[in-house]
Each structure stands twice: as C-alpha cells, then as structure tokens.
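Chain by chain, the residues:
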Amino acid sequence: MRKILFLWCISIVYISNAHSQILEPVKWSYSVKKTSGTTAIIYIKATIDKGWHLYSQTPSDGGPTATQFTFFTSKSFSKIGKTIEPKPITKFEPAFFMEISYFENSVIFQQKVMLLAKDVVIKCNVEFMACNDKKCLPPSVKEFSVPIRR
C-alpha cells in the first residue's frame, strides 16, 4: 500500500510540473563592439525556437505587438539613431488576417551609442511577442544591462 501511495504522489508531482512549465521560445543575449574611443555598437541577439516567430519593430495596426527597445536615460551615454534590424520575412499571417513582418531562428538588432563617461552601464528593456502556428504568447518584457569600459 505504501508503494502505491508513493508512486501516486510521485506521478502527481511529475504531472503538475510538466503542466506548469513556462514557454520561453525567445532567448536574449548581447555583445558590444567599441567602434572608437567614444562610440560603440550594442548587438542584441534573439535566438528563436524552431516553429516560433518574433515580430519586427515595425508595428501593424491590429497585428501582434511589435518588438520595442527602451533604453533608460542616462548622463553616461546617448543613443545614436534608432535600433536597426535586418530585413524581416514579410508574409500574410492568417491569425491576424494581414501581412506581418517577423523573424525566425535568430535575429541581431543593433544600437549605436555615444559614450559620455569612462565606465558606462546601459540599461534596456525589450518588449516582444512570439507566436507559432497554433498560439501567441502574451507580450513579454526582458531587462538587461550592458557594461562598457572606455
């Protein structure tokens, strides 16, 4: 009887853990390349699980949430221009009944910055939405900090 009760408890724990796993089809990383003594480019990479899409920064009214980067204001750096992205895939997406621009597999966004101090920590949020052919996840926000030494 104890054996059956023990196996039953283990089964319940295993099943509840399997159902409570959070989907994270997009993983974020970054790197920095100094282009001069006072400028640098931040490379922000999204690695996207097979079968999933990450949407472009170009918004579509009535479509999915566009990827958006928010750099926190600081006296130690300033942005130069907008965050750049490569050319996305643009196709009609039945879920939204419209043409949508998105990325598959991986994408690298770039932001050029002017360094105004010796040691700089650039803080940024990225808001994004991921979908596959069956469902869309609610928009997510990831925060990261990029340290740069001049």
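Note that this is a predicted model, so its numbers are computed, not measured. (Residues numbered from 1 in each chain as written. Predicted model: local features only at pLDDT ≥ 70, side-chain atom pairs only at ≥ 80, totals over all residues. Heavy atoms only, no water.)

1. Let's talk about the overall build of the protein chain
The secondary structure content of the protein chain amounts to 1 helix and 11 strands. The order of α-helices and β-strands along the protein chain, N terminus first, is α-β-β-β-β-β-β-β-β-β-β-β. Here the protein chain, with 150 residues, has 34% of them falling under the buried criterion. Pairs at least 24 residues apart make up 69% of the contacts formed inside the protein chain by residues separated by at least 6 positions. Element-wise, carbon and sulfur atoms account for 58% of the exposed surface of the protein chain, whose accessible area totals about 10,000 Å². (Helix = DSSP H or I, 4+ residues; strand = E, 2+ residues; numbered from the N terminus. Buried < 20%, exposed > 50% of the residue type's maximum accessible area, 1.4 Å probe, protein only. Contact = heavy atoms within 4.5 Å. Areas by Shrake-Rupley, 256 points an atom, 1.4 Å probe, with all protein chains shown as cover.)

2. Focus: the packing of aromatic side chains
For any pair of aromatic rings, the description rests on two quantities: the centre-to-centre distance and the angle between the ring planes. Counting across every chain of the model gives 8 aromatic pairs. One aromatic cluster in this structure is built from Trp28, Phe69, Phe103, Phe109 and Phe128. (Phe/Tyr/Trp six-rings, centres within 6.5 Å; stacked < 30°, edge-to-face > 60°.)

3. Observations concerning the state of the cysteines
Enumeration according to the criterion identifies 1 disulfide in this entry. With its sulfur 2.0 Å from that of its partner, Cys131 forms a disulfide with Cys136. For the disulfide bridge between Cys131 and Cys136, the dihedral angle about the S-S bond is near 110 degrees, and by the sign convention the bridge is right-handed. On the basis of relative accessibility, which here comes to 1%, the residue Cys131 falls in the buried class. Judged by its relative accessible area of 34%, Cys136 is partly exposed. (Disulfide = S-S within 2.5 Å.)

4. What about the sheet that holds strand β10 (residues 130-131)?
Spatial strand order, β6-β7-β3-β10: 4 strands in an open sheet with antiparallel pairing. Since the sheet does not close on itself, it has two edges, and those belong to β6 (89-93) and β10, each with one partner. (Pairing = 2+ DSSP bridges.)

5. Things to note about the pattern of salt bridges
Per the stated rule, a full pass over the model turns up 3 salt bridges. Ionic pairing is found between Lys27 and Asp49, a salt bridge with its closest N-O pair at 3.5 Å. With Lys27 in strand β1 (residues 26-34) and Asp49 in the loop between β2 (39-48) and β3 (53-55), the pair connects residues that are 22 residues apart, well separated along the chain. Since its relative accessible area comes to 43%, Lys27 is described here as partly exposed. Given a relative accessible area of 32%, Asp49 falls into the partly exposed group. (Salt bridge = Lys/Arg side-chain N within 4 Å of Asp/Glu carboxyl O.)

6. Quick look at the side chain of Thr67
With respect to the helices and strands, Thr67 occurs in the loop between β3 and β4 (68-71). Taking the relative accessible area as the measure of exposure, Thr67 reaches 2% and is therefore buried. Setting aside chain neighbours within four positions, we find Thr67 in contact with Trp28, Leu54, Tyr55, Ser56, Gln57, Phe109, Val126, Glu127 and Phe128.

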